[in-house]
Amino acid sequence: MTMVADRQGPVKYAYFPGCSLHGSVLEYDRTVRMVCDAVGLSLMDIPDWSCCGASSAHGRPGRLNAALPARNLFLAGRMGLPMATACPACNLRSRQAERILAEEEDTRNALEGRFGGTIPAGDGERTPFKTRHVVEILSEEIWLEHITSLVTTPLTRLRVAAYYGCLLARPGDFIAEHDPERPRALEKIIEATGARWSDWSYKTECCGGFMGATRPEVVASLVARITGDARATGADTLVTACPLCFTNLDARQQARGEPPLPVLHFSELLGMALGLDVSWSLRRHLIRATYF
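So, here's what we can say about the structure. (Residues numbered from 1 in each chain as written. Predicted model: local features only at pLDDT ≥ 70, side-chain atom pairs only at ≥ 80, totals over all residues. Heavy atoms only, no water.)

What to know about the packing of aromatic side chains
To describe a pair of aromatic rings, you give the distance between the ring centres and the angle between the ring planes. This is how it is decided: Stacked, edge-to-face and tilted labels apply to pairs of Phe, Tyr and Trp rings (six-membered ring for Trp) whose centres lie within 6.5 Å, assigned for plane angles under 30 degrees, over 60, and everything in between, in that order. By definition, any uninterrupted DSSP run of H or I lasting at least four residues is a helix, any uninterrupted run of E lasting at least two residues is a strand, and each is numbered from the N terminus.
Throughout the structure, instances matching the rule amount to four aromatic pairs. Taken together, a centroid distance of 5.4 Å and an interplanar angle of 75° make the contact between F16 and W49 edge-to-face. Taken together, the positions of F16 in strand β1 (residues 11-16) and W49 in the loop between β2 (41-45) and α3 (64-78) put the pair 33 residues apart, joining distant regions of the chain. Between the aromatic rings of F74 and F115, the centroid separation amounts to 5.6 Å while the plane-to-plane angle is 25°, which identifies the pairing as stacked. With a gap of 41 residues between them, F74 in helix α3 and F115 in helix α5 (residues 105-115) connect regions that are remote in the sequence.

Structure, rendered in structure tokens:
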């Protein structure tokens, strides 16, 4: 069982932030690091990490879809640590690479020969992957108890709609959630902050993903359905754990006679409850969260 900081020192993970967190959503990366440091989850940067190929490599012939994330797994293995991500796409591609390494001996041998060492990977079963999303870690019961004990500013006045999108909860055999249609990891973290959460129908619906760049009108329509359903539950804000979902929800809400619904990174919500200054992060959003 994972032990928290006040019992046996900080718990360490090799941290793979991925491309989006070093570009369009810098505030997500920084606030994830802040809250993890505050609760005793030490994220150790993987030296010389590289893109996992989430947006395109899986559509290429050959095994580029395994080679790119396997390189990061190899580097994490040299640190002697399991790998943590904050991006659902990076998490999924890394776990798919683990599955490929477990099932294809020729691919594993070729990549290990190229990298010059063993690539740590799970055995391809449901949960024993070496890669974990930060939300999966922090939603474990022992971490939730620890987080609750550290909360200095309970967010009791907020009602929050947790938005998972496609990849944080699916496909089912690559995640730790028991029910990919009704996941609970984000709701558990919301409860730890003292906020209330909405039970709603669109929390795992697609926001349009990368179509935000090529078909913004399609994404705007999907976002309208998502935010409309969240608003109908009385939610004050949406909370995500995906950089692309955040970008679409923050940038593609259209004026429909009501003010847009603010969107938060889960790390911002958690940071506020822990008494951390995340005001600089909120100022980077397009939709202003006026009640924070």
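Some words on the environment of S281
Short version of the rule: Note on contacts: a residue pair qualifies if any of its non-hydrogen atoms lie within 4.5 Å across the two residues. Under this definition, polar contacts are N or O atom pairs within 3.5 Å; protein pairs additionally need one hydrogen-donor-capable and one acceptor-capable atom, and for neighbouring residues in sequence, both atoms have to be side-chain atoms.
Summarising the element assignment, S281 is placed in helix α13 (residues 279-282). Sequence separation between S281 and V25 is 256 residues, and the spatial gap between their C-alpha atoms is 9.6 Å. What S281 contacts, discounting residues up to four positions off in sequence, is E27, T31 and E268. A distance of 2.5 Å separates polar atoms of two side chains, one belonging to S281 and the other to E268.

Here's the deal with the sheet that holds strand β5 (residues 159-163)
Test applied: Any two strands with at least two DSSP-identified bridges between them are counted as paired. In this description, a line fitted to the C-alpha atoms serves as the axis of each element, helices being fitted only across the stretch in contact, and the angle between N-to-C directions of two axes falls anywhere from 0 to 180 degrees.
The sheet built from four strands is open, its strands ordered β6-β5-β7-β8 with parallel pairing. The open sheet terminates on both sides in strands that have one partner only, identified here as β6 (196-197) and β8 (263-265). Sheet analysis places β5 next to strand β7 (residues 237-240), joined by four bridges and oriented parallel. Opposite A161, over in β7, you have L238 as the bridge partner. Sitting on the sheet, helix α8 (residues 185-193) touches β5, β6 and β7, and the angle it makes with β5 is about 155°.

Details of the layout of surface pockets
Using the following cut-off: Any residue with an atom within 4 Å of a point lines the site, the site being either a cavity, points on a 1 Å grid over the protein atoms alone where a 1.4 Å probe fits but cannot get out, or a pocket, an open set with protein on both sides within 12 Å along at least 5 of 7 lines. Grid points are joined across faces, edges and corners, and a volume is the space filled by probe spheres set on the points.
Roughly 530 Å³ of internal volume is contained in the largest pocket. Lining the largest pocket are 28 residues, and of these A54, C87, A89, F210 and L244 lie nearest its centre. Contributing elements (two or more residues each) for the lining of the largest pocket: α4 (88-103) and α11 (243-251). When residues of the lining of the largest pocket are assigned to their parent elements, the largest contribution, four residues, is made by α11.

A word on the packing of α3 against α4
Geometry of a packed helix pair, given as the angle between the helix axes and the separation of the axes. Test applied: For classification purposes, an angle smaller than 35 degrees is called roughly parallel, one larger than 145 roughly antiparallel, one from 65 to 115 roughly perpendicular, and anything else oblique. Just so you know the grouping, Ala, Val, Leu, Ile, Met, Phe, Trp, Tyr, Cys and Pro go in nonpolar, Asp, Glu, Lys and Arg go in charged, and all remaining residues, Gly too, go in polar.
With their axes 8 Å apart at the nearest point, α3 and α4 run at an angle of 100° to one another. As summarised for this structure, α3 and α4 are arranged roughly perpendicular, according to the angle between their axes. Together, N65, A66, P69, A70 and L73 of α3 and R93, S94, A97, E98, I100 and L101 of α4 make up the contact between the two elements. Looking at the contact of α3 with α4 residue by residue, the class counts come to seven nonpolar, two polar and two charged.

Side note on the environment of C36
With respect to the helices and strands, C36 occurs in helix α2 (residues 26-39). Sequence separation between C36 and L270 is 234 residues, and the spatial gap between their C-alpha atoms is 9.8 Å. With near-sequence residues (within four places) excluded, C36 lies in contact with L41, L43 and V134.

Observations concerning the pattern of salt bridges
Side chains bearing opposite charge may pair, as long as their charged atoms lie close to each other. Selection rule: Within this document, salt bridges are pairs made up of a side-chain nitrogen of Lys or Arg and a carboxyl oxygen of Asp or Glu, the two lying within 4 Å of each other. Burial classes follow relative accessibility: with a 1.4 Å probe on protein chains only, a residue under 20% of its type's maximum area counts as buried, one over 50% as exposed, and anything between as partly exposed.
Across all of its chains, the model carries 12 salt bridges by this definition. In this structure, R63 engages E104 in a salt bridge whose closest nitrogen and oxygen atoms are separated by 2.5 Å. Remark: E104 occurs in the loop between α4 and α5 and R63 occurs in the loop between β2 and α3; sequence separation between them is 41 residues. Relative accessible area serves as the criterion here: at 35%, R63 is assigned to the partly exposed category. By relative accessible area, which is 25% here, E104 ends up partly exposed. A salt bridge links R95 to E136; its shortest N-O distance comes to 2.7 Å. A residue pair is termed long-range when its members are at least 10 positions apart, and R95 in helix α4 and E136 in helix α6 (residues 134-138) qualify at 41 residues.

Some words on unusual backbone geometry
Leave glycine aside and you will find that most residues have negative phi; peptide bonds, for their part, are mostly trans. The phi torsion at D48 lies on the positive side, around 60°, for a residue other than glycine. Within the secondary structure, D48 sits in the loop between β2 and α3.

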